[in-house]
Amino acid sequence: MDRQYDVPGMVVREHTVPVPLHWGAEGSPTIPVFVRELVHPDKRDDDLPLLCFLQGGPGGKSPRPVGGGDWIARALQDFRVVLMDQRGTGRSSRVTARRISAFPDPRAAAEHLLAYRADSIVADAEHVRATVYGGRPWTTLGQSYGGFLTLTYLSQAPQGLERCLVTGGLASVRPDARELYRRTYPRVAAKTRRFYDRYPDDVARVAAVADLVEAGDVRLPDGDRLSVRRLQTLGSGLGTKTGPEQLHWLFEEALEDGDDQLSDAFLDAVAQRTTYWDNPLYVVLHESIYASGEGATGWAAEAERGPEFDPGRRPLPFTGEMVYPWMFDEVRALRPFGPAAHALAEIPSYGALYDPAVLARNEVPVDAAVYFDDMYVDAGLSLDTAEAVGNVRVWVTNEHEHDGLRTGDVLDRLLRLRTR
């Protein structure tokens, strides 16, 4: 049942739309896709264009609006904003450990997870556009993984698109996870060096924490044993605007009792950042977003991880948003997904997510912010894509990090690109 209510600065309408679990398969069971529509209170009855937000991830649910001066407030000046919980997340048939554990074998679970890739998400969006919004073309705004979805959308259903905006997510149209990590590992190392240069006292402090973890049986609040390699993954935030500061403040209060014990507050914060209870699909599906056509992903991040990221090195090298097979042994929330994740990594051929020929003759206006120093999406690959896809304009900048949509004026700048 559709609902309507107000939150500060916007009117909210909710829709739940049934879609096939397996698009194109006769007799497929259905799952619900949840959609939250936002409109400015002064424009609730206006005939406004639609902006569909394609959320980052994988495995990320749509934003939960709280009002204020974020990108949503800017979008509401001109659009009705459509926030869709991508299948498997939030209120759209969230994939849980219990559900995955019910499958008879790892391959069956992996086959189920393939129904949550970009091609199905785009098919869901098209169904929502047709059934809820009468088939009106809309503008899409793709943040990070949402940019990957944008390229799939342009390949599958360009007729549904008025314009596409992409922030930090113009992916390679010939995806190769190992190539991506070959390019981003050095950037992670550079961000880490910059962090230690900014906070030189943290060289010794982080090393002391790592030494305590390596020497003892350090337990997180949920009972997981903390390893140094799990500690290294705290560097995943270094590619955001405030990530270095957040990491610094985290380690500032890590040690207590004469610097020979880790504080409860530190261990709780580490658990919150590394347990993935809220979005396990982020880890489970992470490398599969780079799988399109022939070739297994084969734990690409693990394969490309060089000795410079050895957990025994000091200063301690941090890692980025890379996903590793050991995570499914060490992280309690991920253990039930482990067999399926290993099966996914071994699948020799995936369905193609992009159609290079269709993209080359694309006529839908695409405006993309490419962050020159992006730690997660390689700017060089993004610019290669801009050359390979028709009607793309790029704004290359080092003013912002990967989270520029949330922390800067990126949306306003993109909206104005075609009006100059």
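Scroll up a little and you will see the structure.
Residues numbered from 1 in each chain as written. Predicted model: local features only at pLDDT ≥ 70, side-chain atom pairs only at ≥ 80, totals over all residues. Heavy atoms only, no water.

Engineer: So what's going on with the pattern of salt bridges? Which residues, and what values?
Structural biologist: Scanning the entire structure with this criterion turns up 33 salt bridges. Across the pair E37 and R13 runs a salt bridge whose closest N-O atoms are separated by 3.4 Å. On the criterion of sequence distance, the pair formed by E37 in strand β3 (residues 30-39) and R13 in strand β2 (residues 10-20) is long-range, its members being 24 residues apart. Using a relative accessible area of 5% as the deciding quantity, one classes E37 as buried. Several salt bridges share partner residues, and in doing so they unite R178, E179, R182, R183, R187, E304 and D378 into one network. (Salt bridge = Lys/Arg side-chain N within 4 Å of Asp/Glu carboxyl O. Helix = DSSP H or I, 4+ residues; strand = E, 2+ residues; numbered from the N terminus. Buried < 20%, exposed > 50% of the residue type's maximum accessible area, 1.4 Å probe, protein only.)

Engineer: Could you give me a rundown of the packing of aromatic side chains, with the residues and numbers involved?
Structural biologist: Throughout the structure, instances matching the rule amount to 16 aromatic pairs. Geometrically, the ring pair formed by Y145 and F148 is tilted, given 5.8 Å between the ring centres and 50 degrees between the ring planes. On the criterion of helical spacing, the pair formed by Y145 and F148 is a turn pair, its members being three residues apart in helix α5 (residues 145-156). Geometrically, the ring pair formed by Y185 and F309 is tilted, given 4.9 Å between the ring centres and 45 degrees between the ring planes. Pair noted here: Y185 is in helix α6 (residues 177-198) and F309 is in the loop between α12 (300-304) and α13 (327-330), with a separation of 124 residues, a long-range link. On the accessibility criterion, Y185 (3% relative accessible area) is buried. Since its relative accessible area comes to 2%, F309 is described here as buried. Taken together, Y145, F148, Y181, Y185, Y290 and F309 form an aromatic cluster joined through their ring pairs. A cation over an aromatic ring shows up here: R87 above the ring of Y116, its NZ or CZ 5.9 Å from the ring centre. (Phe/Tyr/Trp six-rings, centres within 6.5 Å; stacked < 30°, edge-to-face > 60°. Lys NZ or Arg CZ within 6 Å of the ring centre and 35° of its normal.)

Engineer: Run through a nonpolar patch on the surface, naming residues and quoting values.
Structural biologist: A cluster of nonpolar side chains, contributed by F372, L383, V394 and V396, occupies part of the molecular surface with about 320 Å² of accessible area. Looking at where F372 falls in the secondary structure, it is placed in the loop between β12 (366-371) and α16 (379-388). (Patch = residues over 30% accessible without salt bridge, like charges linked within 9 Å, V, L, I, M, F, W, Y side chains within 5 Å. Areas by Shrake-Rupley, 256 points an atom, 1.4 Å probe, with all protein chains shown as cover.)

Engineer: Give me the sheet that holds strand β4 (residues 50-54): which residues, what numbers.
Structural biologist: Read across the open sheet, the nine strands follow the order β1-β2-β3-β5-β4-β6-β7-β12-β13; overall the sheet is mixed. Pairing within the sheet leaves two strands with one partner each, and these edge strands are β1 (3-7) and β13 (392-397). Pairwise comparison of adjacent strand axes, ignoring direction, gives a mean angle of 20 degrees for this sheet. As judged from the four bridges shared by strand β7 (residues 161-167) and β12, these two strands associate in the parallel manner. (Pairing = 2+ DSSP bridges. Axes fitted to C-alpha atoms, helices over the stretch in contact; angles between N-to-C directions.)

Coordinates in, geometry out; function isn't part of it.
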